[in-house]
Amino acid sequence: MVEILGKTPHATTLRDLVIMRASLGEKPMLICRDEVLTYADADRLSNRVANALLARGIGKGDVVGTFMYNAVEQALIWFGCAKIGAIYAALNVSLAKDDLAYSLNDTGAKLLVVDEELAPAFNEARSLLNFAPDTYVHGDVEAVPGAASAKDLLDAAETLPDADVGMTDPMCIVYTGGST
């Protein structure tokens, strides 16, 4: 086991941390608006997302993007990516056509989850993309032509997928507006 600042961590990947913390059961892990995600549910539901991603051809090293407001589902997508070694890329909700297209082209996201309210910006940016990611909508699926429902990403087995995820594997892509 590796040492960090002279201590041995209990988990060296987000995958392992989510799995380990599931033992905290029904304690709240995340509260977003009026929704509560427990530690046990975070583990169980992120397994569903991970298995759904695998079923859609997403694997280790592939990028999954989100263009959505803060929501429990966003955390589940991040944790689901961590469970299979996929790279999570949350895009800033204030991005408009050109900047959104730039960020999406830069990530090369194979799959993208778009918030219904942000669909107009995504629909404008689509013509500037160098590729066509599999697109899912968080909310009304009609908001993005040809997209599927983000709820479909929860329609898979709850078993932990077998994946080789290491502590030096990339986990996420972070974009900043420069204020950090």
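Residues numbered from 1 in each chain as written. Predicted model: local features only at pLDDT ≥ 70, side-chain atom pairs only at ≥ 80, totals over all residues. Heavy atoms only, no water.

S.K.: Just checking my understanding: could you explain the environment of Leu118 for this structure?
M.R.: Residue position: Leu118 is located in the loop between strand E5 (111–115) and helix H5 (119–125). For Leu118, a relative accessible area of 6% gives the class buried. Residues Leu118 and Ser94 lie 24 residues apart in sequence; the distance between their C-alpha atoms is 9.0 Å. Setting aside its immediate chain neighbours within four residues, Leu118 contacts Phe67, Met68, Tyr69 and Val93. (Helix = DSSP H or I, 4+ residues; strand = E, 2+ residues; numbered from the N terminus. Buried < 20%, exposed > 50% of the residue type's maximum accessible area, 1.4 Å probe, protein only. Contact = heavy atoms within 4.5 Å.)

S.K.: Just checking my understanding: could you explain the sheet that holds strand E6 (residues 134–138) for this structure?
M.R.: Either a parallel or an antiparallel arrangement is found when strands of a sheet pair, and the pairing is made through backbone hydrogen bonds. Taken together, the six strands give an open sheet; going across it, the order is E7-E6-E5-E3-E4-E8, and neighbouring strands pair in parallel fashion. Edge positions in the open sheet fall to strand E7 (148–149) and strand E8 (172–174), since each of these has one partner strand only. Pairing analysis gives three bridges linking strand E4 (residues 87–90) to E8, with the strands arranged parallel. Following the sheet pairing, Ala89 is matched in E8 by Ile173. (Pairing = 2+ DSSP bridges.)

S.K.: Help me understand helix H2 (residues 39–55) in this model?
M.R.: Residues separated by three or four positions in an α-helix point in the same direction, a consequence of the helix having 3.6 residues per turn. Spanning 17 residues, H2 covers 24 Å between terminal C-alpha atoms, matching the ideal 24 Å at 1.5 Å per step. Taken together, the buried positions of H2 are occupied by Ala42, Asp43, Leu45, Ser46, Asn47, Val49, Ala50, Asn51, Ala52 and Leu53. Where the residues of H2 are buried, they touch helix H1 (14–21), strand E1 (28–32), strand E2 (35–38), strand E3 (63–67), helix H3 (72–84) and E5. Of the residues trailing H2, Gly57 is marked for its positive phi of about 85 degrees. (Expected span 1.5 Å × (residues − 1).)

S.K.: Would you mind showing me how to read a negative patch on the surface here?
M.R.: Negative charge collects at one region of the surface, where Glu116, Glu117, Asp140 and Glu142 lie side by side. Note on placement: Asp140 falls in the loop between E6 and E7. (Patch = residues over 30% accessible without salt bridge, like charges linked within 9 Å, V, L, I, M, F, W, Y side chains within 5 Å. Areas by Shrake-Rupley, 256 points an atom, 1.4 Å probe, with all protein chains shown as cover. Salt bridge = Lys/Arg side-chain N within 4 Å of Asp/Glu carboxyl O. Lys, Arg positive; Asp, Glu negative; His and termini not counted. Charge placed at Lys NZ, Arg CZ, Asp CG, Glu CD.)

S.K.: Sorry, what's going on with helix H4 (residues 97–107) here?
M.R.: Every buried residue of H4 is accounted for by Leu100, Ala101, Ser103, Leu104 and Thr107. Along the long axis of H4, the arc covered by the buried residues comes to 165 degrees, so they all point the same way. Summarising the geometry of H4, the exposed residues directed more than 90 degrees from the buried face are Asp98 and Tyr102. Where H4 is buried, its residues meet E3, E4, E5, H5 and E8. Downstream of H4 by a residue or two, Gly108 has a phi angle that is positive, lying close to 65 degrees. (Arc of directions from axis to C-beta.)

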